[in-house]
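Each chain is listed here by its residues.
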Amino acid sequence: MNLLKILDNLSNEELLNTKSSRRGSISQFTSASKNIALASIPFALAATSSKSKAATATMSAAAFQATPTEVLNFALTLEYLERNFYQIAMDTTGLIPEADRAVFAQILKHETSHVNFFAAALGDAAIDEPTFDFTGKGLGLDTFENYGTFMALSQGFEDTGVRAFKGQAGALANDNDLLTFALQVHSVEARHASQVRRMRGQKGWVTGGTAASNGIPSVFDGIYEGEANTVQGGVELSGLFGDFGGPEAVKEAFDEPLTMAEVNAIATNFIVS
Amino acid sequence: MKKPIIKVETSIENHSKTNNSRRRFLKMGGLAVAGSSLLLYGCSDDDDMDPVTPPDGVFDLGAGNLGILNYAYALEQLEADFYTRVIEGNYYKALPDGEEKTLLEDVWYHEVIHREFFRTAITAVAPDDITPDLEFDYGDLNFDDRDSVLATALILEDTGVAAYNGAGKLIDVTAANGDVYLTLAGKIVSVEARHASAFADLINPGTTAFARDGILVDLGGTGLSYDRATPPSEILAAAGGFITTEFTANQLPTD
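Rules used in this analysis
- Residues numbered from 1 in each chain as written.
- Chains lettered and ligands numbered in written order.
- Predicted model: local features only at pLDDT ≥ 70, side-chain atom pairs only at ≥ 80, totals over all residues.
- Helix = DSSP H or I, 4+ residues; strand = E, 2+ residues; numbered from the N terminus.
- Buried ≥ 20, exposed ≤ 12 C-beta atoms within 10 Å, placed from the backbone.
- Contact = placed C-beta atoms within 7 Å.
- Nonpolar A, V, L, I, M, F, W, Y, C, P; charged D, E, K, R; others polar.
- pLDDT = per-residue confidence, 0-100.
- Axes fitted to C-alpha atoms, helices over the stretch in contact; angles between N-to-C directions.
- Parallel < 35°, antiparallel > 145°, perpendicular 65-115°, else oblique.
- Left-handed = near helix turned anticlockwise from the far one by under 90°.
- Expected span 1.5 Å × (residues − 1).

- Going by the annotation in an unreviewed UniProt entry, the name recorded for chain B is Ferritin-like protein, with Gillisia mitskevichiae given as the source organism.

- Going by what an unreviewed UniProt entry lists, chain A is known as Ferritin-like protein and is assigned to Gillisia mitskevichiae.

If you want it as structure tokens, here you go:
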């Protein structure tokens, strides 16, 4: 995966349309996103040179890092999941109260853009859209009948998305453009997460390291596993900020990454195939 | 092309008692280059200093990963200082116990923790080359006024997000601890984004403000769904309006 391929794919309207035609009826694009504005392709990017940060063989985790194509398909999978989740919710009469629809419409718009972006960037290498089950397969969740369940899952998906992108930064580090694109998506997911958390009466930042400490059923502990970490850059910070919120504030002040495998273990509850 | 020296303006008082400094502050929202705080020594008519040699006694952020760490530390100093003043102001003090007061307190904690973390981390690797304690001046910003405080907080957080997003690619992961620094930047930037989202929603509750079209940018024609990634030169030019301690950013990586 390189920048030229991304730009080429982004500028290939036929390919974009081909990708969108493969999607099921439940996940049709909004009319706005069907008409990709080719004029606004970031040509400025073509002038940037990707400083090679390769030589990653010496990096400890290099052997376990995914290729950029694998990372982009991983991102695309998560964005498909979120996009479908919010599309169904917005289409389900009576689920989202009128006062909250503007928020979820905005989130849906972003997830749809992200799907289009990663699909276009991958081109022929893009995975097919998965089939999802938001009852959590065996979990039997009343996701689209109960607004509280929907909101809890929304928070879980957004917080997971933040951790998932963060965990792949190292795998994209040798491509300046891909790394920056991923960061630009990553922080938008964090904006979503903060908003949904606060709508649920939670703090906008992650508190503690369990699902329960974040107001989510314990079956989803994997979403917050490791968020109670207080060691940053090799420094144990938990005892240093007694006058500034103590260990709890330290946990909140740093979001933690998840590996691809950890994220997949969460997402697999909702992916049929 | 010679790299310019970015000189942070030293004298807020030079501005007449108008809203100049406040206006320059608010320019951060658009991340416009605030010309008044950007001096290009090499291009100055009456200045014959070597453009790559900072003036005597003026700190330079440095090169490579150290420069990026010092850059992040300078921004975290600004944020931590701002919220420290917020906590001392009457808007915060008059708030009843509740979400808004807790939110401000939490953000203050987080930014102080970020600042002290960078101080510790940089001191460990480069004790003689760490950004000094900076001083700040917010002009006539009224820390007793909710609207003024929240609007400024939102600008600072949105700017922090764009700054970290822009700095990610500048971290050299092949250098010692480079992968750790990149991960740390990722751990912090999403917390800044959570802050920005919360402040935007406090100002405009229940709307799209938390991730509004006006602060996001487009990638590849797919829509306004991406945060900005802004280079240090633009961030420092914008933030320089409130940093009264002179320093230069002469050697930061640019790609």
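1. Observations regarding the overall build of chain B
Thinking step 1. Within chain B, the secondary structure is distributed over seven helices and four strands.
Thinking step 2. Residues counted as buried form 51% of the 255 residues belonging to chain B.

2. Re the interface of chain B and chain A
Thinking step 1. Counting residues at the interface gives 50 residues for chain B and 66 residues for chain A.
Thinking step 2. Contributing elements (two or more residues each) for the side of chain B that touches chain A: α4 (99-125), α5 (146-167), α6 (178-203) and β3 (224-226) of chain B.
Thinking step 3. With 17 residues, the top contributor of residues to the side of chain B that touches chain A is α6 of chain B.
Thinking step 4. In the side of chain B that touches chain A, the residues fall into 22 nonpolar, 18 polar and ten charged.

3. A closer look at the confidence of the model for chain A
Thinking step 1. With 77% of its residues at a pLDDT of 70 or more, chain A has an overall mean of 82.
Thinking step 2. Note on residues 1-63 of chain A: pLDDT is under 50 here. Beyond four places in sequence and across chains, it has 86 contacts.

4. Quick look at the packing of helix α4 (residues 68-91) of chain A against helix α6 (residues 147-167) of chain A
Residues and elements named next belong to chain A.
Thinking step 1. Close contact between α4 and α6 brings their axes to 11 Å; oriented N to C, the two are set at 160°. As summarised for this structure, α4 and α6 are arranged roughly antiparallel, according to the angle between their axes. The interaxial crossing formed by α4 with α6 has left-handed handedness. Together, Ala75, Leu78, Leu81, Glu82, Phe85 and Ala89 of α4 and Phe150, Phe157, Gly161, Ala164 and Phe165 of α6 make up the contact between the two elements.
Thinking step 2. Across the contact of α4 with α6, the residue classes break down as nine nonpolar, one polar and one charged.

5. Section: the environment of Asp133 of chain A
All names here are of chain A.
Thinking step 1. The topology assignment puts Asp133 in the loop between α5 (101-122) and α6.
Thinking step 2. Looking at Asp133, the number of C-beta atoms within 10 Å reads 16, which means it is partly exposed.
Thinking step 3. The sequence separation of Asp133 and Leu153 amounts to 20 residues, and the corresponding C-alpha distance is 12 Å.

6. Focus: α6 of chain B
Because each turn of an α-helix spans 3.6 residues, side chains separated by three or four positions end up pointing in the same direction.
Thinking step 1. With 26 residues, α6 of chain B extends 38 Å from end C-alpha to end C-alpha; this agrees with the ideal 38 Å at 1.5 Å per step.
Thinking step 2. Burial of α6 of chain B is extensive: 22 of the 26 residues sit out of reach of the surface.

7. Focus on unusual backbone geometry
Glycine aside, residues mostly have negative phi angles, and peptide bonds mostly take the trans form.
Thinking step 1. Of note, Lys137 of chain A is a non-glycine position whose phi angle comes to about 50°, a positive value.
Thinking step 2. Here Lys137 of chain A lies in the loop between α5 and α6.
Thinking step 3. Residue Lys137 of chain A is classed as partly exposed on the basis of its 14 C-beta neighbours within 10 Å.
Thinking step 4. Unusually for a residue other than glycine, Asn177 of chain B sits at a positive phi of about 65°.
Thinking step 5. By secondary structure assignment, the location of Asn177 of chain B is in the loop between α5 and α6.

8. Some details on α4 of chain A
Thinking step 1. The end-to-end C-alpha separation of α4 of chain A is 34 Å, in line with the 34 Å expected for 24 residues at 1.5 Å each.
Thinking step 2. Summarising burial for α4 of chain A: 17 of the 24 residues are buried, a large majority.

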